[in-house]
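# Coordinate inspection notes
One letter stands for each residue in the lines below.
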There are 4 protein chains.
Amino acid sequence: MSDITLKQARAAVDAAMEKSQELGVKMNITVVDAGANLKAFARMDDAWLGSIDISTKKARTARFFNMNTGEIGKLSQPGGALYNIEHSNGGLITFPGGVPIKNRSGETIGENDHIVAATGAGAVS
Amino acid sequence: MSDITLKQARAAVDAAMEKSQELGVKMNITVVDAGANLKAFARMDDAWLGSIDISTKKARTARFFNMNTGEIGKLSQPGGALYNIEHSNGGLITFPGGVPIKNRSGETIGENDHIVAATGAGAVS
Amino acid sequence: MSDITLKQARAAVDAAMEKSQELGVKMNITVVDAGANLKAFARMDDAWLGSIDISTKKARTARFFNMNTGEIGKLSQPGGALYNIEHSNGGLITFPGGVPIKNRSGETIGENDHIVAATGAGAVS
Amino acid sequence: MSDITLKQARAAVDAAMEKSQELGVKMNITVVDAGANLKAFARMDDAWLGSIDISTKKARTARFFNMNTGEIGKLSQPGGALYNIEHSNGGLITFPGGVPIKNRSGETIGENDHIVAATGAGAVS
């Protein structure tokens, strides 16, 4: 298992922040490593306090299942195959914004959180 | 109260892993005892990190109520008789995959978790 | 309430990392804002996984009481005035390493964690 | 970062159980991976229920800080440099029994818990 470096994690955070500024939004940005442990975090000035935890949970959720968080959200609705999966792992977030970060060989090495996460994730490979 | 032995628990884990390999899936497998306490656990290589806790919660949920977790999920939907029961007991998982393990006399002696759980449970009796 | 900016928080993180490299140690570095909420975080490569939470709790502890965490630790010993205060606030850390960050007018605007924290804190004023 | 395989984890569990039987003790045995996530667990028949959580926390503690848990316990006593560190990470266990598992190149790839842990850990390299 290859793991994300701090240099890669910060590149992802910076790319996500740049994208946020371009879009005129204020974001909390989290990157976790291959073991789903916190690696880097930044809260932009005036970003929501309530999104600190959401950002962290999203990044962990994406790594826990190696998929975009929104994909899990489709299955966790009432009547769905994974209804209320959010009660596991100390709380999951299953709406979009958490995306896997893969290295050049396609191996998942961490996770980034956000509507701007794809930009962040793309900055690593 | 008759209780599951480690030998039985490991036989259930092994049968579930064999079935998983046959199906080409990577699983987390948990067996709890009659007291709903962890007895045996194995995470197959490359299985989801997020399923460690789900597997454990599923096994506990099945033992807590002596029924397949999916049966509880039918009642925990919006408007249902057990709506949001998942908030109890430190978090329940109510989608399918947790099944009771019974001994030859039909007594519940533990629980096994998973899509391949029936195979594991069958290996005990 | 004057609050720390992300620019200031990152300057504190960077200064703390530089000091860590100089000392040949691997650190987890947390900065929280005036509201004791996470602002910036970085885990240096090969730093302890267990210090993610310790770093965060130390920074929060320092801001909760506006003093160095080690000062609280002197009072939380057996028989002390704040014995076992660590049970509050979801867990406090009271050994040294968490220090207040003050702005030029001496107002506390955030907290930084670590043996290298003073360096980081100094980078803000 | 190289990670422990289920085959290695089970070899550690089996060696620890064999040693336990030799010593006439009943043990809970936990192996976590390089990310401090649960990999394999077995509770011997008649082992303490209260040691399920202790075993898990010990294994995680050893991996969190890459050292035997007893070493941390020496520093977490009243007046010590890490007093009450046990309040971090959702609860640490700092008395002896958790030991790092290293591969042939000396890299930490997981952790094993117990008085018989050294035997288990030795079975992996």
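From a predicted model like this one, the values you see are computed outputs, not experimental measurements. (Residues numbered from 1 in each chain as written. Chains lettered and ligands numbered in written order. Predicted model: local features only at pLDDT ≥ 70, side-chain atom pairs only at ≥ 80, totals over all residues. Heavy atoms only, no water.)

## Regarding the packing of helix α1 (residues 6-23) of chain A against helix α1 (residues 6-23) of chain C
The interhelical angle for the contact between α1 of chain A and α1 of chain C, taken along N-to-C directions, is 170°, at an axis separation of 15 Å. What the angle tells us is that α1 of chain A and α1 of chain C run roughly antiparallel. Contacts from Leu6, Arg10, Val13, Asp14 and Met17 of chain A in α1 of chain A reach Leu6, Arg10, Val13, Asp14 and Met17 of chain C in α1 of chain C. (Axes fitted to C-alpha atoms, helices over the stretch in contact; angles between N-to-C directions. Helix = DSSP H or I, 4+ residues; strand = E, 2+ residues; numbered from the N terminus. Parallel < 35°, antiparallel > 145°, perpendicular 65-115°, else oblique. Contact = heavy atoms within 4.5 Å.)

## A short note on the interface of chain B and chain D
Opposite the 19 residues of chain B that make contact, chain D presents 19 residues. For chain B, the biggest contributors to the area lost against chain D are Arg10, Leu38 and Arg43 of chain B; these three give 35% of the whole. At the surface where chain B touches chain D, the tally comes to 6 salt bridges. Residue Arg10 of chain B is joined to Asp14 of chain D by a salt bridge in which the shortest nitrogen-to-oxygen separation is 2.8 Å. Scanning the region where chain B abuts chain D turns up 15 residue pairs in polar contact (both at pLDDT 80 or more). Mapped by element, the contributors of at least two residues to the side of chain B that touches chain D are α1 (6-23) and β2 (38-43) of chain B. (Buried area = accessible area lost by both parts, 1.4 Å probe. Salt bridge = Lys/Arg side-chain N within 4 Å of Asp/Glu carboxyl O. Polar contact = N/O pair within 3.5 Å; in protein donor to acceptor, adjacent residues only side chain to side chain.)

## Concerning the relation of the copies chain C and chain D
Take chain C, turn it by 91°, move it 0.2 Å along the axis, and it overlays chain D with an RMSD of 0.1 Å. Read as a symmetry element, the transformation amounts to a four-fold axis. (Least-squares fit on C-alpha atoms with pLDDT ≥ 70 in both.)

## Brief notes about the interface of chain C and chain D
At the junction of the two partners, chain C supplies 20 residues and chain D supplies 19 residues. For the pair chain C and chain D, the summed buried surface comes to about 1400 Å²; carbon and sulfur atoms form 62% of the total. Its largest share of buried area at the contact with chain D, chain C owes to Trp48, Leu49 and Phe95 of chain C, together 39% of the area lost on that side. At the surface where chain C touches chain D, the tally comes to 0 salt bridges. The tally of links between chain C and chain D comes to 10 residue pairs in polar contact (both at pLDDT 80 or more).

## Some words on the pattern of salt bridges
All names here are of chain C. Throughout the structure, instances matching the rule amount to 24 salt bridges over all chains. We note a salt bridge from Asp53 to Lys57, for which the minimum N-O separation is 2.9 Å. Here Asp53 and its partner Lys57 are both found in helix α2 (residues 51-65), 4 residues apart, which amounts to about one turn of the helix.

## With respect to the packing of aromatic side chains
Following the criterion strictly, the structure yields 6 aromatic pairs over all chains and no others. A ring pair is formed by Phe65 of chain A and Trp48 of chain B, whose centres lie 5.4 Å apart and whose planes are at 85°; its orientation type is edge-to-face. Linking Phe65 of chain A in helix α2 (residues 51-65) with Trp48 of chain B in the loop between β2 and α2 (51-65), this pair reaches from one chain into another. For Phe65 of chain A, a relative accessible area of 4% translates into the label buried. Taking the relative accessible area as the measure of exposure, Trp48 of chain B reaches 38% and is therefore partly exposed. Among the aromatic side chains, those forming a connected cluster through ring pairs are Phe64 and Phe65 of chain A together with Trp48 of chain B. (Phe/Tyr/Trp six-rings, centres within 6.5 Å; stacked < 30°, edge-to-face > 60°. Buried < 20%, exposed > 50% of the residue type's maximum accessible area, 1.4 Å probe, protein only.)

## A short note on the pairing of strand β1 (residues 28-33) of chain C
Consecutive side chains along a regular strand alternate between the two faces of the sheet. All names here are of chain C. Along β1, 6 of the 6 residues are buried, which leaves the element largely enclosed by surrounding structure. Across 5 bridges, the pairing between β1 and strand β2 (residues 38-43) is antiparallel. Bridged to Val31 within β2 is Ala40. (Pairing = 2+ DSSP bridges.)

## A word on α1 of chain A
Residue and element names in this part refer to chain A. For α1, which comprises 18 residues, the first-to-last C-alpha distance of 25 Å matches the rise-based estimate of 26 Å (1.5 Å per residue) to within 8%. Along α1, the positions that sit buried rather than exposed are Leu6, Ala9, Arg10, Ala12, Val13, Ala15, Ala16, Met17 and Ser20. Looking at the residues trailing α1, positive phi occurs at Gly24, about 70°. (Expected span 1.5 Å × (residues − 1).)

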